[in-house]
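Chain and residue survey
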Amino acid sequence: MAGVVFEHVYKRYAGNVVAITDMNVQIKDKEFMVLVGPSGCGKSTALRMVAGLEEISDGEVKIGDRVVNDVAPKDRDIAMVFQSYALYPHMSVYDNLSFGLKLRKTPKAEIDKRVREAAKILGLEPFLERKPKALSGGQRQRVALGRAIVRQPKAFLMDEPLSNLDAKLRVETRVNILKLHQRLQTTFIYVTHDQVEAMTMGDRIVVMKDGYVQQVDTPDTLYHHPVNMFVAGFIGSPAMNFLPVRIGGDGQTALHGEGFDVPVEERLLSEAGAERGQEVIMGVRPEDLKDPRFAGRDGLPKVPAKVEVIESMGSEIFAYFNIGGKTMTSRMDPRSGDMQPGQTTQVAVDTSHLHLFDPKSEKALVSGGKPAAN
């Protein structure tokens, strides 16, 4: 077992294309770390550098205590699971699972033991004699996982392994991978562009954009205390709402928007380094825009809103309002489903979880109702 460390890692391609810039991340032994971000952010490149499939331009990657920059992929003691299952179509499940061990000249009895243990863990025992074409997508992905398990590596690297599965299978396989991590107690590094996968699977998450690490933290901290607008908008589904406002107020301090005022504490703004007259971006999570009738709290500030669309999800509704000239998403109590498109109403804003961002740097000033840590 081993942790993985990126120390000032860069990846440059010909033509002065920089895919990774000064990446510094420490992944602990036995941790489930997720790398997440939009396409082209560098997350798969980072994973491939750990695997040895991409050269490191600058910096060091360590697996355990060993710098692996110049170590061949086969000698890094890691196992990789790709988006494509990459199974041998002419081989049975048993032979697919055992192939890598045979190449390493592992004793036959040890191979059989490891293959059958992996098959039991993944529920593949009934399929050991089948060929991949006779398996479902989910079963093939489990074979790909099993092929990694039998090697008993120091770390598992997974590059969008669920992308080819339908929604139901994705959820099932996601749970299976988490159970697998708990059972094996090995370091997992998992790449995805899906922030729901990231939030539900990771002990910690590395959020990346344009080759830069934006924030490394637990799912809860990323959600409630994002360090900038990118993290705030990327983490969370539906995404955070953003509105341009100006800090002002005669007597009581407030955030002034187009056609609305939201009172805030003077102390909070001063501690965050924000001043009256300053233009800022207000961020509000969908669950913090509430129907005043079912808000559960009195005294929340209310803003005028025009109903655009109502989506019923059964246990909750998603309401889309025009507030200050912008479409804002709200996650509401299902009893709010009596609202009608075109209706003008009021929406309560829970300012205890308020976010404020500098419009130029996009860094957080106030994060989750507290001054942001700089």
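Residues numbered from 1 in each chain as written. Predicted model: local features only at pLDDT ≥ 70, side-chain atom pairs only at ≥ 80, totals over all residues. Heavy atoms only, no water.

Let us now look at the overall build of the chain. Regarding its fold elements, the chain presents nine helices and 22 strands. Expressed as lengths along the three principal axes of its C-alpha atoms, the size of the chain is roughly 80 × 45 × 35 Å. The burial tally for the chain puts 49% of its 374 residues in the buried class. Sequence-distant contacts in the chain: of pairs separated by 6 or more residues, those separated by 24 or more amount to 64%. (Helix = DSSP H or I, 4+ residues; strand = E, 2+ residues; numbered from the N terminus. Buried < 20%, exposed > 50% of the residue type's maximum accessible area, 1.4 Å probe, protein only. Contact = heavy atoms within 4.5 Å.)

Once that is clear, we can look at the packing of aromatic side chains. Inspection of the entire model under this criterion finds six aromatic pairs. With 5.4 Å between their ring centres and 25° between their planes, Phe 32 and Phe 188 make a pair best called stacked. Separated by 156 residues along the polypeptide, Phe 32 in strand S3 (residues 32–36) and Phe 188 in strand S8 (residues 187–192) bring together distant segments of the chain. Comparing Phe 32 with Phe 188, the two get one shared label, buried. Ring plane angle 20° and centroid distance 5.5 Å describe the contact between Phe 230 and Phe 234, whose orientation is recorded as stacked. Here Phe 230 and its partner Phe 234 are both found in helix H8 (residues 229–234), four residues apart, which amounts to about one turn of the helix. (Phe/Tyr/Trp six-rings, centres within 6.5 Å; stacked < 30°, edge-to-face > 60°.)

As a further point, take the sheet that holds S3. Strands sit in the order S6-S7-S8-S3-S9-S10 across an open sheet of six strands; the sheet is mixed. Every other strand in the sheet has two partners, leaving strand S6 (78–81) and strand S10 (212–217) as the edge strands with one partner each. Neighbour to neighbour, the strand axes of the sheet diverge by 15° on average, direction disregarded. Relative to the sheet, helix H1 (residues 43–51) contacts S3, S6, strand S7 (155–159), S8 and strand S9 (204–209), its axis offset from that of S7 by approximately 145°. Set on the sheet, helix H4 (residues 137–149) makes contact with S6 and S7; between it and S6 the angle comes to about 170°. (Pairing = 2+ DSSP bridges. Axes fitted to C-alpha atoms, helices over the stretch in contact; angles between N-to-C directions.)

Moving on to the nonpolar core. Residues Met 158, Ile 177, Tyr 190 and Val 207 are the most contacted members of the largest nonpolar core, which totals 44 residues. Contact partners of Val 207, with chain neighbours within four places excluded, come to Val 36, Tyr 212, Val 213, Gln 214, Gln 215, Leu 222, Phe 230, Val 231 and Ile 235. Counting residues in hydrophobic clusters, the runner-up holds 31 residues, among them Val 264, Ile 317, Phe 321 and Val 347. (Core = buried A, V, L, I, M, F, W, Y, C linked by side-chain atoms within 4.5 Å.)

Spatially, five strands are ordered S15-S19-S16-S17-S18 in an open sheet, and the strand pairing comes out antiparallel. In this open sheet, the two strands that pair with only one neighbour each are strand S15 (289–290) and strand S18 (326–332). One ladder, built from six bridges, connects strand S16 (residues 302–312) with strand S17 (residues 317–323); its direction is antiparallel. When the sheet's bridge partners are listed, Ser 312 is paired in S17 with Ile 317.

This paragraph deals with the domain arrangement of the chain. By the assigned domains, the chain splits into domain 1 (4–230) and domain 2 (247–371). A separation of 39 Å is found between the C-alpha centroids of domain 1 and domain 2. Taken together, the contacts link eight residues of domain 1 with eleven residues of domain 2. Around 830 Å² of area is buried between domain 1 and domain 2 when both sides are counted, 53% of it from carbon and sulfur atoms. Counting the contacts that link domain 1 with domain 2 gives zero salt bridges. Taken together, domain 1 and domain 2 are joined by seven residue pairs in polar contact (both at pLDDT 80 or more). Per-element accounting of the side of domain 1 that touches domain 2 gives the leading share, three residues, to helix H7 (residues 219–224). (Domains from an automatic or database assignment. Buried area = accessible area lost by both parts, 1.4 Å probe. Salt bridge = Lys/Arg side-chain N within 4 Å of Asp/Glu carboxyl O. Polar contact = N/O pair within 3.5 Å; in protein donor to acceptor, adjacent residues only side chain to side chain.)

The next thing to look at is the packing of helix H2 (residues 93–103) against helix H3 (residues 108–122). One way to put it is that H2 packs onto H3 with a least axis distance of 10 Å and a crossing angle of 135°. For the element pair H2 / H3, the angle class is oblique. The handedness of the crossing between H2 and H3 is right-handed. From H2, Tyr 94, Leu 97, Ser 98, Leu 101 and Lys 102 reach across to H3, where they touch Ile 111, Asp 112, Arg 114, Val 115 and Arg 116. Within the contact of H2 with H3, the residues separate by chemical class into five nonpolar, one polar and four charged. (Parallel < 35°, antiparallel > 145°, perpendicular 65-115°, else oblique. Left-handed = near helix turned anticlockwise from the far one by under 90°. Nonpolar A, V, L, I, M, F, W, Y, C, P; charged D, E, K, R; others polar.)

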